[in-house]
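Tertiary structure, described
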Amino acid sequence: MAWAQWYELRVVGSAGTRAGNASGAKEGIAIGENGRLCAVPSGQAKRFASEQDAMDYLAQTTIPGIYRFEAVLCQYSPPQTASR
């Protein structure tokens, strides 16, 4: 599904999270479509329509017992065309 914007659940301290932005983190770890952790650049992060949907999912999984997560707003930006 191609959404213009969505939420991902990322490990606190990863790129896109408040702690990650403050520390200059360049890479991120998120909950993947398969329910396991994945690298954000892999494109396999689970997408949620709203922050509440993300938090509801988080409440139903066992991963939060190990890691802390933050819902991060993500937006699709079309590729830039090269100007000559």
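Below is a summary of the structure that appears in this document. Quick caveat, the model's predicted, so the values are computed rather than measured. (Residues numbered from 1 in each chain as written. Predicted model: local features only at pLDDT ≥ 70, side-chain atom pairs only at ≥ 80, totals over all residues. Heavy atoms only, no water.)

1. A short note on the overall build of the protein chain
The test is simple: Numbered from the N terminus, helices here are DSSP runs of H or I no shorter than four residues, and strands are runs of E no shorter than two. Exposure categories follow from relative accessible area, calculated using a 1.4 Å probe and restricted to protein chains: below 20% of the type maximum is buried, above 50% is exposed, and the middle band is partly exposed. Every residue pair with non-hydrogen atoms within 4.5 Å of one another is taken to be in contact. Using the Shrake-Rupley algorithm and a 1.4 Å probe, accessible areas are obtained, with residue cover drawn only from the displayed protein chains.
When its secondary structure is counted, the protein chain shows two helices and four strands. Helices and strands in the protein chain line up, N terminus first, as β-α-β-β-α-β. Buried positions account for 32% of the 84 residues belonging to the protein chain. Long-range contacts, defined as pairs at least 24 residues apart, comprise 55% of the intrachain contacts of the protein chain with a sequence gap of at least 6. Accessible surface, the protein chain as shown: approximately 5,900 Å² in total, 50% of it carbon and sulfur.

2. A word on the side chain of Thr17
Which entries qualify depends on this criterion: N or O atoms within 3.5 Å of each other form a polar contact, as long as, within protein, one can give a hydrogen and the other can take it, and as long as residues adjacent in sequence are counted only when both atoms are side-chain atoms.
On the secondary structure map, Thr17 appears in the loop between β1 (5–11) and α1 (18–23). In this structure Thr17 comes out as buried when scored by relative accessible area, which is 0%. A distance of 3.1 Å separates a polar side-chain atom of Thr17 from the backbone nitrogen of Gly13. If we ignore the near neighbours within four places in the chain, the residues touching Thr17 are Arg10, Val11, Val12, Glu70 and Val72.

3. Digging into the packing of aromatic side chains
Condition: Note on aromatic contacts: the rings of Phe and Tyr and the six-membered ring of Trp form a pair at centre separations within 6.5 Å, being stacked when their planes are under 30 degrees apart, edge-to-face when over 60 apart, and tilted otherwise. Note on criteria: charge over ring means Lys NZ or Arg CZ within 6 Å of the ring centre, with the direction from the centre no more than 35 degrees off the ring normal.
Using the criterion set out here, one finds two aromatic pairs in the structure. Residues Phe48 and Tyr57 carry aromatic rings whose centres are separated by 5.3 Å and whose planes lie at 50 degrees to one another, so their mutual orientation is tilted. Owing to a relative accessible area of 6%, Phe48 belongs among the buried residues under this scheme. Classification of Tyr57 by relative accessible area gives partly exposed; the value is 22%. Note on Tyr67 and Phe69: the rings are 6.4 Å apart at their centroids and 70 degrees apart in plane angle, and the pair reads as edge-to-face. On the accessibility criterion, Tyr67 (36% relative accessible area) is partly exposed. Residue classification places Phe69 among the buried positions, given a relative accessible area of 12%. The ring centre of Trp6 lies 3.6 Å from the NZ or CZ of Arg47, which sits over that ring.

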